[in-house]
Amino acid sequence: MVIIQHQKITEVLGPGTRLAIWLAGCDKGCKNCINQEGQNEKAGSYYPLSEVFALIRKSIAKHEIGGITISGGEPFLQYDELKGLLSWIKSNTKLDTIVFTGYKLSDLLKKHGNIKNDVLNYIDVLIDGEYKEELNCGDYLRGSSNQNLYFFTGKYIHDERFNSLHKEREFEFEIKDGGETFFIGIPPIGFYDKFIEQLSTIAG
Ligand code: SF4
């Protein structure tokens with residue numbers, strides 16, 4: 001599968017500590033997409049599934065993660081790889097799975113006849129729909145209020161963080177060895193512009 005980025009441990013893309021994987025390529029072109037690099041399917045690196053499985057095992061052993069979040073880009077553009085990854089996770093680990101997609105679930109159901117058995121049965125929470133900046137409402141894991149939450153296994157269905165009245169988002173900020181900055185999470189409207197403005201002020 002082609003991966004843009006992974007984060008061995010994060011606490012802002014779902015409950016508890018999690019491994020996050022961003023898959024490359026997206027054809028949605030949402031305005032002010034939170035991961036514009038991820039839209040380019042050639043931006044990532046290819047990993048055989050066996051290497052991804054090894055990464056997951058390592059994250060479990062070293063960081064005791066409780067779940068995995070898969071985002072992008074658009075994970076469903078790599079349908080067969082996504083299917084292989086999710087079925088392996090459910091057969092070989094106790095991790096819960098959260099998956100983001102820019103497609104509507106109804107469109108995915110039309111496009112992939114066997115998607116329920118192939119993929120959806122292995123997902124605990126699916127967040128569907130494009131990102132619409134004008135509807136960025138501060139909800140926990142939803143970038144915008146047009147997106148829907150599906151609790152396929154029932155896990156987290158009563159977790160108050162997923163209630164739309166719960167307006168508490170967090171995000172993480174990391175500076176990699178080469179000085180590259182990396183944000184994880186769902187920022188509020190206008191965050192990046194404000195952040196760059198602040199940096200310019202500090203830099204004088
Ligand atoms: S669906 Fe997600 S990754 Fe794709 S363009 Fe929209 S916000 Fe960006």
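To start, this report covers the structure provided alongside it. (Residues numbered from 1 in each chain as written. Predicted model: local features only at pLDDT ≥ 70, side-chain atom pairs only at ≥ 80, totals over all residues.)

### Re the packing of helix H1 (residues 49-63) against helix H2 (residues 79-92)
Formally: Comment: axis = line fitted to C-alpha atoms, over the contacting stretch for helices; angle = value between 0 and 180 degrees taken between N-to-C directions. By definition, any uninterrupted DSSP run of H or I lasting at least four residues is a helix, any uninterrupted run of E lasting at least two residues is a strand, and each is numbered from the N terminus. By the definition used in this description, the sense in which the near helix is turned from the far one sets the handedness, with an anticlockwise turn below a right angle giving left-handed and a clockwise turn giving right-handed. Contact criterion: two residues are in contact if their C-beta atoms, reconstructed from the backbone, are within 7 Å. All amino acids are sorted into three groups, where Ala, Val, Leu, Ile, Met, Phe, Trp, Tyr, Cys and Pro are nonpolar, Asp, Glu, Lys and Arg are charged, and the leftover types, Gly among them, are polar.
H2 packs onto H1 with a crossing angle of 35° between their chain directions and a minimal axis gap of 11 Å. Where H1 crosses over H2, the two elements pack in a sense that is right-handed. Mapping the contact onto sequence places Leu49, Val52, Phe53 and Ile56 in H1 and Glu81, Gly84, Leu85, Trp88 and Ile89 in H2. Of the residues that constitute the contact of H1 with H2, the class distribution is seven nonpolar, one polar and one charged.

### Considerations on the site of the ligand
Where we set the bar: Defining nearness, a residue is near a molecule or strand when the C-beta atom obtained from its backbone falls within 6 Å of it.
Cys26, Cys30, Cys33, Gly102 and Tyr131 are the nearest of the 15 residues found near the ligand. Broken down by class, the residue content of the shell around the ligand amounts to five nonpolar, seven polar and three charged.

### Structural notes on the pairing of strand S2 (residues 18-23)
Note the threshold: Around each residue's C-beta, the other C-beta atoms within 10 Å are counted; 20 or more make the residue buried, 12 or fewer make it exposed, and counts in between make it partly exposed. All C-beta atoms are placed from the backbone. By this definition, two strands are paired if DSSP reports at least two bridges between them.
With six of six residues buried, S2 lies mostly within the body of the structure. Neither face of S2 is open: one carries Arg18, Ala20 and Trp22, the other Leu19, Ile21 and Leu23, and all of them are buried. In this structure, strand S1 (residues 2-10) lies alongside S2, joined through five bridges in antiparallel fashion. The partner of Thr10 across the bridge, within S2, is Arg18. Relative to strand S4 (residues 67-72), S2 runs parallel, the two being bridged by six bridges. Bridged to Ile21 within S4 is Ile70.

### A look at H2
Definition in use: Take the residue count of a helix, subtract one, and multiply by 1.5 Å to get its expected span. An arc is given here, and it is the one of the directions from the helix axis to the C-beta atoms.
When the terminal C-alpha atoms of H2 are compared, their 20 Å separation across 14 residues agrees well with the 20 Å that a helix rising 1.5 Å per residue should span. All buried positions along H2 are accounted for by Leu82, Leu85, Leu86 and Ile89. Projected down its long axis, H2 shows its buried positions confined to an angular sector of 90°, all on one face. The outward face of H2, more than 90 degrees from its buried face, is lined by the exposed residues Asp80, Ser91 and Asn92. On its buried face, H2 is in contact with H1, S4 and strand S5 (96-100).

Worth remembering: the numbers are spatial, not functional.
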